[in-house]
Amino acid sequence: MKNNFRVAIVGGGIGGVALARSLDRLGIDCHLFERASTFGEIGAGVQITPNAVKVLQALGLESELARVGFLPEAMVGFNWQSGQELFRTPLRDTCPDLFGAAFYHVHRADLHAMLAKDIPAERVTLGLACTGLRQEGDKPVVCFEDGSEFAADLVVGADGVRSVIRASLWGDEPASYTGHMCWRALVPVQYHPLPYVTPTSAFWMGPKGHVVTYYVKGGAMVNIVAVNENHDWIEESWTVKSEQAELIGAFTGWNENLIRLFQDTDPDQIYKWGLFDRDPMTRWSQDTVTLLGDAAHPMLPFLSQGAAMAIEDGYVLAEALDTFGTDQLRAALEAYEAERRPRTARVQLEARERGRTYHLSSPEALRERDLAFQREQADNPNAVGIKAEWVYQYDARTCRDRFHTASTLVVAS
Ligand SMILES: Cc1cc2nc3c(=O)[nH]c(=O)nc-3n(C[C@H](O)[C@H](O)[C@H](O)COP(=O)(O)OP(=O)(O)OC[C@H]3O[C@@H](n4cnc5c(N)ncnc54)[C@H](O)[C@@H]3O)c2cc1C
């Protein structure tokens, strides 16, 4: 390990394990602390867009991703009621050429397992919640609920939207409820594809709500994310159960194919929660402590980028530490933030804006939006209906060149 340098990672979600794997690949020592007693993710899908796939390729995970993932034919926008196609962007046959990598749908547990599988057991502590931080000399010390502590050279808060590390650095300001309620469910598929679910990333856009459906587990399940506007506050959690009738009732009048899919959900596996986000931060790091993933930039899931951004963050932070050298830690953290903050802030803000576009409610506004989709598609058949080309084009692997130039300047000065 490099110069006995040690990173403490607080939080073993997708961002935490992506960082651990990225550090391990570069021979940088780390220890990961997770409050849950087992590693894992809830039963739900996640869209892994080309920008995140490029990082997974760099981490040697592409064949595993191809094994467990599902390649959607296209991203398709549908009218919530009539089922009329509003846009159709080819994905399976075009993403590798246009964006340098494929677009996958995966089950979250599969994604987490592939990122976590090579982290040595002795570098992971499960079932231990962090309660805060203290400083001893120039080293940050992580404090835990059982009174134990861990001193490190760098602490990374990868502890999600309610981050204890973020609160220790920047104060305990709660994330704000966005006025969006979300249901999540999986539907087992006996005969693929189901006649009423296309093998696409399907966006159903309706008044004050939208529904996204896609296959995961190689087509063996359909993932549902159903969002509607509801200003009653709901606890943010993965585990608040909902009734099937409540889900169906919230989407009364929507297309019969969607309602049929809702009726096929396992009634014991329907979850609901409120969606929270924050404004972009102007700094993430203080001295030798920093943040990544939802701890730094919680966002609405409307561009399908929260996990993707956490994976990119983990990879880029490891590259910064390796390129600058652990003796230039502050310069490395500055470079990490300079690379990541503008991008993640733009995604946070654009995800909010997508909520408005997806949920328009007046017939005139809907007509205008749908005509704009048609015009864009006529001009460019590959135009991404949700306008995410700039997100997919980014290639985190190129950050090493930028860091190398910057680190040469630091050394020269
Ligand atoms: C409905 C919905 C759909 C989504 N769809 C997509 C999608 O298609 N594509 C995409 O890229 N993203 C998507 N996302 C976003 C994505 O799920 C999150 O952004 C991502 O999981 C964030 O990862 P993270 O590791 O930063 O945080 P988390 O996944 O929240 O992980 C934080 C970890 O830290 C642990 N922890 C918390 N506090 C402590 C503590 N005090 N001590 C120790 N451990 C602690 C937690 O137990 C958890 O394991 C979606 C989100 C939602 C809500």
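This is a predicted model, so every value here is computed, not measured.

Colleague: Sorry, what's going on with the site of the ligand here?
Modeller: The ligand sits among 32 residues. The nearest are G15, E34, Q47, R108 and D294. Contacts to the ligand include R35, whose backbone N or O atom sits 3.2 Å from a nitrogen atom. Surface burial for the ligand is 90%, taken as the share of its 1,000 Å² of free accessible area covered by protein chains. Contributions of two or more residues to the shell around the ligand are made by α1 (14-25), β2 (29-34), β3 (45-48), β12 (176-188), β16 (270-277) and α9 (306-324). Examining the composition of the shell around the ligand, we find that 3 residues originate from one element, α9, more than from any other.

Colleague: Help me understand the pattern of salt bridges, please; the structure alone is not making it clear to me.
Modeller: With the rule as written, the count across this model stands at 30 salt bridges. Notably, a salt bridge pairs R134 with E149, separated by 2.7 Å at the nearest N-O pair. Highlighted residues: R134 in strand β8 (residues 130-136) and E149 in strand β10 (residues 149-151), separated in sequence by 15 residues. Using a relative accessible area of 43% as the deciding quantity, one classes E149 as partly exposed. Three or more residues are tied together by salt bridges with common partners; here these are R25, E319, D322 and R400.

Colleague: Looking at this structure, how should I read the packing of α1 against helix α5 (residues 108-116)?
Modeller: Helix-helix packing is described using two parameters, namely the angle between the two axes and the distance between the axes. In contact at an axis separation of 8 Å, α1 and α5 are set at 25° when each is read in the N-to-C sense. The pairing of α1 with α5 is recorded here as roughly parallel in orientation. The element α1 and its partner α5 pack so that their crossing is left-handed. When α1 is examined against α5, the residues I14, V17, A18 and R21 are found in contact with a partner set consisting of R108, L111, H112, M114, L115 and A116. Across the contact of α1 with α5, the residue classes break down as 7 nonpolar, 1 polar and 2 charged.

Colleague: It is not clear to me how the state of the cysteines should be interpreted in this structure. Could you clarify?
Modeller: Two cysteines joined by a covalent bond between their sulfur atoms form a disulfide. Enumeration according to the criterion identifies 0 disulfides in this entry. No disulfide involves C30; its sulfur sits 16 Å from that of C130, the nearest cysteine. Using a relative accessible area of 3% as the deciding quantity, one classes C30 as buried. Looking at the unpaired C130, the closest cysteine sulfur is the one in C143, lying at 7.2 Å.

Colleague: Could you clarify how one ought to interpret the sheet that holds strand β1 (residues 6-10) in this entry?
Modeller: In any sheet, the strands associate via hydrogen bonds between backbone groups, in a parallel or an antiparallel arrangement. Read from one edge of the open sheet, 5 strands run β7-β2-β1-β11-β17, paired in parallel fashion. Looking at the sheet topology across the chains shown, the edges are occupied by β7 (124-126) and β17 (289-291). Taken pair by pair, the neighbouring strands of this sheet meet at an average axis angle of 15°, ignoring direction. Taken together, the 3 bridges between strand β11 (residues 154-157) and β17 define a ladder with parallel strand orientation. Within β17, the residue paired with V155 across the bridge is V289.

Parameters and conventions
Residues numbered from 1 in each chain as written. Predicted model: local features only at pLDDT ≥ 70, side-chain atom pairs only at ≥ 80, totals over all residues. Heavy atoms only, no water. Near = heavy atom within 4 Å. Polar contact = N/O pair within 3.5 Å; in protein donor to acceptor, adjacent residues only side chain to side chain. Areas by Shrake-Rupley, 256 points an atom, 1.4 Å probe, with all protein chains shown as cover. Helix = DSSP H or I, 4+ residues; strand = E, 2+ residues; numbered from the N terminus. Salt bridge = Lys/Arg side-chain N within 4 Å of Asp/Glu carboxyl O. Buried < 20%, exposed > 50% of the residue type's maximum accessible area, 1.4 Å probe, protein only. Axes fitted to C-alpha atoms, helices over the stretch in contact; angles between N-to-C directions. Parallel < 35°, antiparallel > 145°, perpendicular 65-115°, else oblique. Left-handed = near helix turned anticlockwise from the far one by under 90°. Contact = heavy atoms within 4.5 Å. Nonpolar A, V, L, I, M, F, W, Y, C, P; charged D, E, K, R; others polar. Disulfide = S-S within 2.5 Å. Pairing = 2+ DSSP bridges.

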